[in-house]
Amino acid sequence: MKVLVIGSGGREHALVWKLAQSPRVSTMWCAPGNAGIAAEALASNGTPVQCLNLAAENLSGLLAFAAEKRVDLTVVGPDNPLAMGIVDQFQEKGLRIWGPNQRAAQFESSKAFSQAFMEKYGIPTARSKTFSLAGAAKRFAAELRGRCAVKADGLALGKGVLLCRSEEEAFRAIDDMLVHQKYGAAGRQVVIQELLEGMEISLHALCDGRVSRLFPTAQDHKRVGEGDTGANTGGMGAYSPTPFLDAAGMEQMADRILAPWERGCRGEGIDFRGILYPGVMLTRNGPKVLEFNARFGDPETQAYLMLMSKDLLDLIDLSLDGGLEGLTKDFVASYFRGVAVCVVMASAGYPGPCEKGKVIRGLEEAGRLPRTKVFHAGTARADGEFVTNGGRVLGVTAAGATLAEARARAYQAVRKIQFDGAQYRRDIGAKALGSAT
Ligand code: AMP
Ligand code: GLY
């Protein structure tokens, strides 16, 4: 089977690595991929994975490639191509592709759409309203005493959410989006939500257009600094599962969030096949959905796929063919084994501008540790060496029987890797251990 993976980050390296283990895969490409992805080979026949000089947003180029090579399955990592309708375009040409179609991808591409959907179908979320005029937006922000999240409606590279704790901050955020248009078209409408407090977790549900099944919980670490301080990033690390929901808690997520979501999709005629990733705050008043994403999380995927003991392709087939009903709710126990921790190593300056081209040392030694895999995000090859090529450079991921074991192993691997200016958080998974470090 010939497989094409779209994207270039740590999530896509994890997807490529996992799919490359499938005995059913005979050829694999990644567009555009990265240096770590280009170093992978297929378990079935030893063929290297080939990276293509095609950007994830170059839909016509990707379509022409898939048609010419008769790709059997395309797997989409990032949100942008999904929002642009890559799935619809491939399907029109009779090509098999995994991910939500453009209409279904609106759960991520429009926060206003998601918010209206949640209210219509009774999915617990923050108190919220959508605005295109600054005056009305400010009146609502004042009602919330300035304690609110101001969110650009559209995709804004993960930067379109401003958390405010005073009227002054909220008014500035509203002006930046609606008046000064600092977020371009994405900020023409804003969603304002009350600021919620609690433990934030990532849920991932595999969906087949009718039925959805939850993966174990995961937790991302969005702030750059230890103790959740400093600027928001694309994610500095993740682990799965978390100890914050037991079996009854997971049942509650399925009943309160997924069941009304499935009902809503049926009601609206939305055919969602792929991964639904709700960001959820566990508040004193129960779980509340902060946002929906319509794809795998990065770096959550790196942790999930380290735990997955069976072929990911089988799950993708069930999702595409409407076969999830047959997957009992306890499939999690047979698909996911142990605990995994992913520690992101980033360049100096991240999430601001970063220098590139720093030589990365110690990768082989780190990768030799048991149940450890170093996923590449922003890397390139120069003169036969791996060098840094972006803000988030590596996702150093390890699995173990317990969180403590996985964590110890991940940090042991991190310590074997060096590049100039490397920064990472030392407290990934710490909340689950109930300590600060
Ligand atoms: P989003 O891009 O919507 O996930 O928002 C980015 C981050 O902002 C989330 O991961 C949360 O940590 C935080 N956030 C978003 N909405 C809220 C809210 N209503 N209350 C508190 N924190 C929020
Ligand atoms: N883990 C954050 C994201 O993928 O959006």
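Above: the structure in question.
About the criteria used
All residue numbers here refer to positions counted from 1 along the written sequence of the relevant chain. To read the labels, note that chains go from A and ligands from 1, taken in the order they are written. With pLDDT at 70 or above as the cut-off, local features in this predicted model cover only qualifying residues; side-chain atom pairs require 80 or more to be listed or tallied, and sums for whole chains, interfaces and linings still use all residues. Think of the side-chain values as coming from all heavy atoms in the structure, minus any hydrogens and water. Residues are counted as near a molecule or strand when any one of their heavy atoms sits within 4 Å of it. Here a polar contact is taken to be a pair of N or O atoms separated by no more than 3.5 Å, where protein atoms must pair a possible hydrogen donor with a possible acceptor and residues adjacent in sequence count only if both atoms sit in side chains. All accessible-area figures derive from a Shrake-Rupley calculation using a 1.4 Å probe, and residue coverage is judged against the displayed protein chains alone. Working definition: rings of Phe, Tyr and Trp (its six-membered ring) pair if their centres are within 6.5 Å, and the pair is stacked with planes under 30 degrees apart, edge-to-face with planes over 60 apart, and tilted otherwise. Secondary structure counts use DSSP, requiring at least four H or I residues in a row for a helix and at least two E residues in a row for a strand, with both numbered from the N terminus. Note on exposure labels: buried denotes an accessible area under 20% of the residue type's maximum, exposed denotes more than 50%, and partly exposed covers the range between, all computed with a 1.4 Å probe on protein chains only. Whether a charge sits over a ring depends on NZ of Lys or CZ of Arg being within 6 Å of the ring centre and within 35 degrees of the ring normal.

Draft legend 1. Fine view of the site of ligand 2. For ligand 2, the full set of nearby residues is Asp-220, Lys-222, Tyr-277, Arg-295, Gly-297, Asp-298 and Glu-300. In this structure, a nitrogen atom belonging to ligand 2 sits 2.8 Å away from a side-chain N or O atom of Asp-220. Between Tyr-277 and ligand 2, the recorded distance is 3.1 Å, taken from a side-chain N or O atom to a nitrogen atom. Alone, ligand 2 offers 200 Å² of accessible surface; in the complex the protein occludes 86% of this.

Draft legend 2. The arrangement of the packing of aromatic side chains in detail. What the rule picks out here adds up to 20 aromatic pairs. Here Phe-107 and Phe-292 contribute two aromatic rings whose centre-to-centre distance is 5.6 Å and whose plane-to-plane angle is 80 degrees, an arrangement assigned as edge-to-face. With Phe-107 in helix α6 (residues 106–109) and Phe-292 in strand β18 (residues 286–293), this residue pair connects regions lying 185 residues apart in the sequence. Overall, Phe-107 belongs to the buried group, its relative accessible area being 1%. Residue class for Phe-292 comes out buried when judged on its relative accessible area of 2%. Plain terms: the ring middles of Phe-331 and Phe-336 are 6.5 Å apart, the flat faces sit at 70 degrees to each other, and that makes the pair edge-to-face. Both residues of the pair, Phe-331 and Phe-336, count as buried. Three or more aromatic residues joined by ring pairs make a cluster, and in this case those are Trp-98, Phe-215, Phe-296, Tyr-304, Phe-331, Tyr-335 and Phe-336. The ring of Tyr-335 carries the charged tip of Lys-310 above its face, separated from the ring centre by 5.1 Å. In this structure, Arg-381 is placed above the aromatic ring of Phe-386, and the distance from its NZ or CZ to the ring centre is 4.1 Å.

Limitation: the analysis is restricted to geometry and does not speak to function.
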